[in-house]
Protein chains: 2
Amino acid sequence: MLSNQLQNGLETAKLVWSRLPNAEEGDQEDVGLLQKRDGSSVESLDYEVIENHAYWEEQAQRGKLFVGYYVVVKWFFALLIGIGTGLAAVFINLSVENFAGWKFALTFSIIQKSYVAGFIVYVLINLVLVFSSVYIITHFAPAASGSGIPEIKGYLNGVDIHGVLLFRTLIGKIFGSIGSVGGGLALGKEGPLVHTGACIASLLGQGGSTKYHLSSRWLQFFNSDRDRRDLVTCGCAAGVAAAFRAPVGGVLFALEEVTSWWRSQLMWRVFFTSAIVAVVVRTAMGWCKSGNCGHFGSGGFIIWDTSDGQEDYSFEELLPMAVIGVIGGLLGALFNQLTIYITKWRRNHLHKKGNRVKIIEACLISLITSFISFGLPLLRKCSPCPESDPESGIECPRPPGMYGNYVNFYCSKDKEYNDLATIFFNTQDDAIRNLFSAKTIHEFSAQSLLTFLVMFYSLAVVTFGTAVPAGQFVPGIMIGSTYGRLVGMFVVNFYKKLNIEEGTYALLGAASFLGGSMRMTVSLCVIMVEITNNLKLLPLIMLVLLISKAVGDAFNEGLYEEQARLRGIPLLESRPKYQMRKMTAREASGERVVSFPRVVKVADVVSILRSNKHNGFPVIDHTRSGETLVIGLMLRSHLLVLLQSKVDFQHSPLPCDLTPGARPIRHTPSEFVKPASSKGISIDDIHLSSDDLEMYIDLAPFLNPSPYIVPEDMSLTKVYNLFRQLGLRHIFVVPRPSRVIGLITRKDLLIEENEESSTVELQSTSVRARWRDRSVSNGDGDAERPLLNGLLVQHSPS
Amino acid sequence: MLSNQLQNGLETAKLVWSRLPNAEEGDQEDVGLLQKRDGSSVESLDYEVIENHAYWEEQAQRGKLFVGYYVVVKWFFALLIGIGTGLAAVFINLSVENFAGWKFALTFSIIQKSYVAGFIVYVLINLVLVFSSVYIITHFAPAASGSGIPEIKGYLNGVDIHGVLLFRTLIGKIFGSIGSVGGGLALGKEGPLVHTGACIASLLGQGGSTKYHLSSRWLQFFNSDRDRRDLVTCGCAAGVAAAFRAPVGGVLFALEEVTSWWRSQLMWRVFFTSAIVAVVVRTAMGWCKSGNCGHFGSGGFIIWDTSDGQEDYSFEELLPMAVIGVIGGLLGALFNQLTIYITKWRRNHLHKKGNRVKIIEACLISLITSFISFGLPLLRKCSPCPESDPESGIECPRPPGMYGNYVNFYCSKDKEYNDLATIFFNTQDDAIRNLFSAKTIHEFSAQSLLTFLVMFYSLAVVTFGTAVPAGQFVPGIMIGSTYGRLVGMFVVNFYKKLNIEEGTYALLGAASFLGGSMRMTVSLCVIMVEITNNLKLLPLIMLVLLISKAVGDAFNEGLYEEQARLRGIPLLESRPKYQMRKMTAREASGERVVSFPRVVKVADVVSILRSNKHNGFPVIDHTRSGETLVIGLMLRSHLLVLLQSKVDFQHSPLPCDLTPGARPIRHTPSEFVKPASSKGISIDDIHLSSDDLEMYIDLAPFLNPSPYIVPEDMSLTKVYNLFRQLGLRHIFVVPRPSRVIGLITRKDLLIEENEESSTVELQSTSVRARWRDRSVSNGDGDAERPLLNGLLVQHSPS
């Protein structure tokens, strides 16, 4: 029997080799080989539960108590992520508010004497801040540039992009966004906060950063991509919750981006993380209110409270609101399109020239932004203050050094204000607060708003894609609320009713632009409600979002999808393509499959791994009757770990369970885990002696014994759904089966859980006994799976 | 060749028959056979996209234009569902408010003269209303009793329960809940509204009710269970949105109940439906404000505005809030447990005795409720009114015939109020408004609240399960806010701070009880925020919900899950059971499989269908080389349609595409669709002549050619995920494959969509050409699939 088996093994090896010359390089490449232009690569994640032997044995040893412990640790990590993200958000907000507040206070105090000196100081401070940001990004953490949301979306969709979740990226993101936002560029800190939350979650999940010796062994608890993804989802939600102080919005954001595999237990944990963030942020704000945080007391976390705004709306107002939706869709789609062009141009021409060009570019944009935001208000004539209403609490002009409406800037009289400076020469948070503010009808002139809209829109487009951390939420809200307020002014003049507030229209405009650009739906709606603290406008925001998304969808895809595509992140959309309906699995699958026999020579493994770049290999064994049988899927990364550690090499070409004196399996799943965003081992890193090359490896303990399979003529639509819904990385396309052993229906899956493990074993044994009877009566089974018996039944209770 | 094929067909038939005697009745039964005690049955739904021939041909004929039209129709239906559910909600609210308002106004005017007469009138009105409700339910629409949420949850989980989505159920639900809620029972109208929304959606989806001749041919647009389920999801969300005026809460409710298959396109449509409901309800309320709706102007739709309540909270308050969470978890779990016992008892003893007993029971409970709610306040001594605060706008006692706090009931002096009557002798909406109200510290005595808590809790438990439409939200809020207010009173006395509002604690109590009983998370949180219109309490509500759900989960499952289990609705939970990890697909699957050959004699079909109750049958064909090959899955219901229509019978035992003069396939998928909640055809309804029995059917055009398959030793956990995530009804368990034809990775699924269909065909052809080359070089393929070629490649572009 043994010699027969040996024969089989060798034959299989020959079979493999006979096929090899045909397997050209990159022929059946995984996503891992979608080389990006900058040389970095992306890699697929595997969200399947690992089911190989080591996993099962560990599970069996650990049992139920372990599972309970595991759940507790998961919740503990959710808590840590919430606290970490909350603190990071507080730190970023505090720094930005203090830099910006100090900058504006200094400038205002200087311009009392000289506008030229004030201008120079203002420009220089901005330049220094932006330079620090772009220097950090280009020299320390290149993956931290941009918003990071496309990358996180990619990770949650199943694509790991190199460098995105590293410790240095986290640090670069935090300090970079302080510089870029504090430096007054037309970008926000919300996207970077989402990325920050995801980094914190990922680093916690893998127990710190190994490179910087910050890792801790006892934190290394989560071994599968699936666990990590759950943590990153929590981090993503925590980031949104912290950025907007919108915990429900955070949950929905994470949900809307990742609906392919959402489970309700996870929803509950994500919810918990968001609640923790809310508590942390609230505590920090309470601490800051007592004056510990400098300028932070008044600004900081986004809450543009409009709860004292318009209470009601009449049906005539629905038409101008619909118009806002259409404008939002058009301008949003235009924004997406322009940023595509500019990103492509940057990538193909500008950023090829190295870091120096990136730094010069960012500094140039900072100079332009400073010039415009200081210079344009100078050209604008001041308006006289409106009659003051002591009840509203709004002063005109605002007291120097404070936040508020009615900025006195380059005005000849004391009782005047400069409406353009009120929105332009201000932090973005305050500008938005002014645009949203109620009871300030006729504060802004149409001319100023239009000027601001055109200038800021252009600045936002140009700034997008520079090598600094950059969110798109706040610029989007700025742009949207400007034209929204314009429409509102028109409505006030046209309908001549008293209860119409321009601020409400500004809010709807903001929603419409975000909807038209990002194409989010429920989450955006809830975020808008949470940041404005006004539930009454919910149906109106819904309406505007519906329209702007529909209009935008007519032109292009959402901002994040487009950017992900440009960055070479292969996102799987939720809906399969139309032509997939007419394709079969066989037509879609890669052409040649390279497979391994169960016991394989080390030299063969090395050659096969060198000869192609496939990431998964079927393992094929032979039955006693000589038929071939697919026994599982072996991952390239696992093979590399085996080659590197060498402990599982054996001299005999026999399966290890048949070899006399077989050793217990040494590998635990944790050894096979690749840290997130790292490149992993390459075959070129592995050096083996010639003795090693002559040895064998039995792959059986390390393979995934039951990958999902589809028959060759299944429609690709169905395959797509299977792949995406279950978060798979590989599916085997197999011939149509020759017979059906059983049919599983809902009833078969309704098993009552028995608390006592003894009952479980009893039941399991009885099922097994029943099945044995069956296999005897059928007369098959045993003849077919002799080599597998040792392998596949091993994990049953003995 | 033909005779060979004939031979094969006959042999297969023999094979089938040789197996038949072993197939005992109900041996491998589907869920369809989970007979419920009342004789009704539940049936699995099939959410897979139907992929048989007729479907493909229709698709090909219709093309892209049709798909666009289809999308438009889907949105139009979402609009209709929103309008329909909104109007139904307005009708129910209007009726309830008018009945209840008129009842209380009449009683109050009579008790000015005589308390005895007032009592008799009050009891009689309640009795009449409850009787009308229970009569409608018992004699007209038995499926409309209870809340309906477990049944809808079941439907969305993939189980169709007979009678739940019929037109008569809709009517019974609407009128029944008017009676039961108007009659003052301890139940709410929110659950029934969710059911109402789902019924409206389902009826629209199948184009009306055929039984009542209300169907319209042009509305019969949605043929698959999947489309119907999407519509019912919209209806479910619309129901919640209408019941609570909580559009976001509605979306999240639908989402949380059905996370197994959620897609983001659907989320967007559900969102739209909810927005429509919000607009419809708002319009109706605006219309009612002008006095067109009687008593409706002041009460009606749930908005317990607490936005003028507590603004802030201190850290010391977190402890009593956590205590509220624990109490909520304990009382909620107790409620679930008590209702389980009482439901079991009712089912086994009381309701077996027929409708008369059900009517007597409901009337008896109505009498008890009336006695307690009128009698207990009589025993309570009145309190003197607090010093009036003209700013708060709260009068004491409230003017007669109005809504508000401080009810003067059986008081000796004018300036007194009865605190027990304020909550007990009132509509539930007003009672909750009073419990939530701010600036009314010390309104209620601890004794009254405790009395009310005990009495109302008992009433709610007893009322649950009577044969009337009954929601659990409002009673839950009543119970929760009572003990919440109790804790609040304690906090006010203990901390002695000014800004603590008892109403805020009442709100948290309500959230905690609902969390402890229903175990919903995000959706409940959002609903609570939306109905109280106060976003600032969100983190507190989250905290309380987290605690109460965790405490409740330690004891039992959520209310809806428990009730679904009692009703025999086999819900698949989101998490597979622990012991499934150690089981394989083969162990779980039914023992014997009955399969059909491709061409089968009518008499054989009839015998097989009679001999078992399986709902799905594998169809097995033979290749030229004599090997068997599984070619698809045939559903019992489709077979029955074929037997009934007879048009596809043929005289020849050859496959129809090989028969000279083969007819085009006549069946369109719509003929195979079973209306929701109907029993469908039974084999006993079909009468065939002896000539018919001698004919043959070729099953190939009607089968699902590629059902999902799993290898026999795949772990049951993985099978479970596959089954639930994709919403399947059947999975084939097959032997391990002998070889791997291809491997599908993410890259293979990234196909760029080409707008022009010509490009699509070109591309498709080129893929096919490539594949042909491959099959020639491999030398296999053709030999293996001769009979299938005609069948399976037919739908490729010719």
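Note that this is a predicted model, so its numbers are computed, not measured.

Student: Please clarify how the overall build of chain A should be interpreted in this entry.
Tutor: Helix and strand content of chain A: 26 helices and 13 strands. Taking all 798 residues of chain A together, the buried fraction comes to 63%. Put simply, of all contacts in chain A between residues at least 6 apart along the chain, 79% involve residues at least 24 apart. Only carbon and sulfur atoms are counted for the fraction: they give 60% of the accessible area of chain A, which is about 29,100 Å².

Student: Looking at this structure, how should I read the state of the cysteines?
Tutor: Here, the word disulfide means a covalent bond between the sulfur atoms of two cysteines. Residue and element names in this part refer to chain B. Enumeration according to the criterion identifies two disulfides over all chains in this entry. Cys382 shares a disulfide with Cys411; S-S distance 1.9 Å. Judged by the torsion about the S-S bond (-85 degrees), the Cys382/Cys411 disulfide is left-handed. Of this pair, Cys382 sits in the loop between helix 11 (355-379) and strand 3 (383-384) while Cys411 sits in the loop between strand 3 and strand 4 (416-417), and the two are 29 residues apart along the sequence. With respect to class, Cys382 is no different from Cys411; both count as buried. Lacking any disulfide linkage, Cys199 is separated from the closest cysteine sulfur, that of Cys236, by 11 Å. Of all cysteine sulfurs, the one in Cys234 lies closest to Cys236, which takes part in no disulfide; the gap is 9.8 Å.

Student: Help me understand the UniProt feature "transmembrane region" (unreviewed entry) in chain A, please; the structure alone is not making it clear to me.
Tutor: Residues and elements named next belong to chain A. Under the UniProt annotation, the feature "transmembrane region" (unreviewed entry) is placed at residues 67-94, 114-137, 231-254, 266-285, 318-339, 449-467, 473-495 and 507-531. Between the first and last C-alpha atoms of residues 67-94 the distance is 40 Å; the span itself is 100% helix and 0% strand. In residues 318-339, helix accounts for 100% and strand for 0%; the two terminal C-alpha atoms are 31 Å from one another.

Student: How should I be thinking about the pairing of strand 12 (residues 731-734) of chain A in this particular structure?
Tutor: Look at any regular strand and the pattern is simple: side chains alternate between the two faces of the sheet. The alternating pattern of strand 12 of chain A places A:Ile731 and A:Val733 and A:Phe732 and A:Val734 on opposite faces, both of which are buried. Here strand 11 (residues 709-711) of chain A runs beside strand 12 of chain A; their pairing, made up of three bridges, is parallel. Residue pairing for strand 12 of chain A: A:Ile709 is matched across the bridge by A:Phe732. Both strand 12 of chain A and strand 13 (residues 742-744) of chain B contribute to a ladder of three bridges, which runs antiparallel. Bridge pairing in strand 13 of chain B places A:Phe732 opposite B:Leu743.

Student: Honestly, the nonpolar core in this entry has me stumped. Any pointers?
Tutor: One recurring pattern in soluble globular proteins is that nonpolar side chains are buried together. Core analysis: the biggest nonpolar cluster contains 280 residues, and A:Ile541 and B:Ile541 have the highest contact counts within it. The contact partners of B:Ile541, leaving out residues within four places of it in the chain, are B:Leu508, B:Ala511, B:Cys525, B:Met528 and B:Val529. By size, the runner-up hydrophobic cluster in this structure holds 42 residues, among which are A:Val719, A:Leu728, A:Ile744 and B:Val733.

Student: Before we go on, may I ask you to explain the sheet that holds strand 10 (residues 696-698) of chain A in this structure?
Tutor: Within a beta sheet, neighbouring strands are joined by backbone hydrogen bonds and run either parallel or antiparallel to one another. All names here are of chain A. Read from one edge of the open sheet, three strands run 6-10-9, paired in antiparallel fashion. At either margin of the open sheet sits one strand with a lone partner, and together these are strand 6 (599-601) and strand 9 (649-650). Where strand 9 meets strand 10, two bridges bridge the pair, whose relative direction is antiparallel. Looking across to strand 10, one finds that Phe649 is bridged to Ile697.

Student: Hey, could you run me through the sheet that holds strand 5 (residues 596-597) of chain B in this one?
Tutor: Residue and element names in this part refer to chain B. As summarised here, the arrangement of the three strands in space is 5-7-8, forming an open sheet in which the pairing is mixed. Either end of the sheet is taken by a strand with one partner, and the two such strands are strand 5 and strand 8 (628-635). The sheet contact formed by strand 7 (residues 616-622) and strand 8 spans seven bridges and is antiparallel. The partner of His622 across the bridge, within strand 8, is Thr628.

Student: Help me understand unusual backbone geometry in this model?
Tutor: Trans is the common state for peptide bonds, and a negative phi is the common state for residues other than glycine. Although it is not a glycine, A:Tyr410 sits at a positive phi angle of roughly 60 degrees. With respect to the helices and strands, the residue A:Tyr410 is situated in the loop between strand 3 (383-384) and strand 4 (416-417). The phi dihedral of B:Lys646 is positive, around 65 degrees, even though this residue is not glycine. As for its placement among the helices and strands, B:Lys646 is situated in the loop between helix 22 (636-645) and strand 9 (649-650). Classification of B:Lys646 by relative accessible area gives partly exposed; the value is 32%.

Student: Honestly, the pattern of salt bridges in this entry has me stumped. Any pointers?
Tutor: Side-chain pairs of opposite charge can arise where the charged atoms are in close proximity. For the structure shown, the criterion picks out 42 salt bridges over all chains. A salt bridge links A:Arg269 to A:Asp230; the nearest nitrogen and oxygen atoms lie 3.7 Å apart. Taken together, the residues span a long stretch of sequence, with A:Arg269 in helix 9 (residues 264-292) and A:Asp230 in helix 7 (residues 225-244) at a distance of 39 residues. When its relative accessible area of 8% is taken as the criterion, A:Arg269 is described as buried. Judged by its relative accessible area of 2%, A:Asp230 is buried. Between B:Asp227 and B:Lys74 there is a salt bridge whose closest N-O contact spans 3.9 Å.

Rules of the game
Residues numbered from 1 in each chain as written. Chains lettered and ligands numbered in written order. Predicted model: local features only at pLDDT ≥ 70, side-chain atom pairs only at ≥ 80, totals over all residues. Heavy atoms only, no water. Helix = DSSP H or I, 4+ residues; strand = E, 2+ residues; numbered from the N terminus. Buried < 20%, exposed > 50% of the residue type's maximum accessible area, 1.4 Å probe, protein only. Contact = heavy atoms within 4.5 Å. Areas by Shrake-Rupley, 256 points an atom, 1.4 Å probe, with all protein chains shown as cover. Disulfide = S-S within 2.5 Å. UniProt positions renumbered as here; feature names shortened; annotations may be inferred. Pairing = 2+ DSSP bridges. Core = buried A, V, L, I, M, F, W, Y, C linked by side-chain atoms within 4.5 Å. Salt bridge = Lys/Arg side-chain N within 4 Å of Asp/Glu carboxyl O.

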